[in-house]
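Chains, contacts and geometry: an overview
One letter stands for each residue in the lines below.
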Amino acid sequence: MTIKVNNVSKHFGSTKALDNINLEFGEKKIYGLLGNNGAGKSTLLNAITSRLFVSQGEITMDGTPVCDNDWALNQIYMLGEKNYYPETMKVRDAIRWGAVFYPGFDTELAHSLANRFNLPLKKKITALSTGYTTIFKIVMALSTNAPFLLLDEPVLGLDAQHRDIFYKLIIERYSKNPCTIIISTHLIQEVAGLIEHCVIIKDGKIIKDAPSEELLQGGYTISGPASLLDEFISGKDILSVSNLGGLKTACISGEMPEIGSLPTGLEFGKMNLQEYFIQLMCDGNDSGLPLYKEEK
């Protein structure tokens, strides 16, 4: 089962939120949908679920248009910012109705997760705090057993402990019942270990669409005393540099050097996803040209 986004654009007045997007989300894979605020991430996810109608193009599931297609939409569950439940509905009632709308909904799992998070079942959804509203959405999303889970800022308002529980639950859910999961989040460092494939969107356009490992092969980090590091990185393609006291770290474009070629006192490692994302967002023309200029 595959979702394809074909030549999709979305306008809000004179603003082009999505600009001729072409994407494919395949089976049983965890995607990271990454971008700055206003890049078009939520608009894209809302378009996939027909919460927004596109201005141009088409979104299909196995070749069938998703828009107004009950069968296709029942294969997708989206955790989003808005609450679409009736104002008077309680948590326990939402769980009960989940089994009506999603044939694979696991009511037993929903109650187990609610207990794990101490989610009050008798409380109205609209009366929940921001954090518990997010927990409620997580419980519903992980219990649907839908082939596609779209998670838009899924840890909004959660403390560190609950975020850690959520990430472990994602791994458990994916291990026991593999599905396609699309995670849109600003906490890139926290989800980097989960993401198999990155889709990076900027100003409504897809600028990267590739496996995470492939993206990160093009660079490395090196750190150590500022004087040693400055000498080593001179003349290299430097993406970014940061300082902390006397310690300096640089992100370098290119292949990682051999261990024996490094001066004593310097350490190197793989560039992480957050570092890659930051340097990509700072690069105005997305050309891969150095972001850092040596001081004369």
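Only a predicted model underlies this, so the values are computations on that prediction, with no experimental measurement involved.

Conventions we followed
- Residues numbered from 1 in each chain as written.
- Predicted model: local features only at pLDDT ≥ 70, side-chain atom pairs only at ≥ 80, totals over all residues.
- Heavy atoms only, no water.
- Pairing = 2+ DSSP bridges.
- Helix = DSSP H or I, 4+ residues; strand = E, 2+ residues; numbered from the N terminus.
- Contact = heavy atoms within 4.5 Å.
- Axes fitted to C-alpha atoms, helices over the stretch in contact; angles between N-to-C directions.
- Salt bridge = Lys/Arg side-chain N within 4 Å of Asp/Glu carboxyl O.
- Phe/Tyr/Trp six-rings, centres within 6.5 Å; stacked < 30°, edge-to-face > 60°.
- Buried < 20%, exposed > 50% of the residue type's maximum accessible area, 1.4 Å probe, protein only.
- Lys NZ or Arg CZ within 6 Å of the ring centre and 35° of its normal.

Next up on the list: the sheet that holds strand β4 (residues 56-61). In spatial order, the strands read β2-β1-β4-β5; together these 4 strands make up an open sheet with antiparallel pairing. Only two strands of the sheet have a single neighbouring strand rather than two, namely β2 (15-25) and β5 (64-65). Where strand β1 (residues 3-12) lies against β4, 5 bridges are found, and the strand directions are antiparallel. Bridging from a neighbouring strand, Asn6 pairs with Glu58 of β4. Relative to the sheet, helix α1 (residues 41-48) contacts β1, β2 and β4, its axis offset from that of β2 by approximately 60°.

What follows is about the pattern of salt bridges. Scanning all chains against the criterion turns up 8 salt bridges. Note that Asp230 is salt-bridged to Lys248, the shortest N-O span being 2.7 Å. Of this pair, Asp230 sits in helix α9 (residues 226-233) while Lys248 sits in strand β13 (residues 247-253); the two residues are 18 residues apart in sequence, bridging distant segments of the chain.

Taken as a whole and assessed by the stated rule, the structure comprises 5 aromatic pairs. Relative to Tyr31, the ring of Phe25 has its centre 4.9 Å away and its plane inclined at 85°; by these criteria the two rings are edge-to-face. We classify Phe25 as buried; its relative accessible area is 1%. Here the guanidinium or amino end of Lys10 rests over the ring plane of Phe12, the centre of that ring lying 5.1 Å away. One residue, Lys236, lies across the ring of Phe232, its end atom 4.2 Å from the ring centre.

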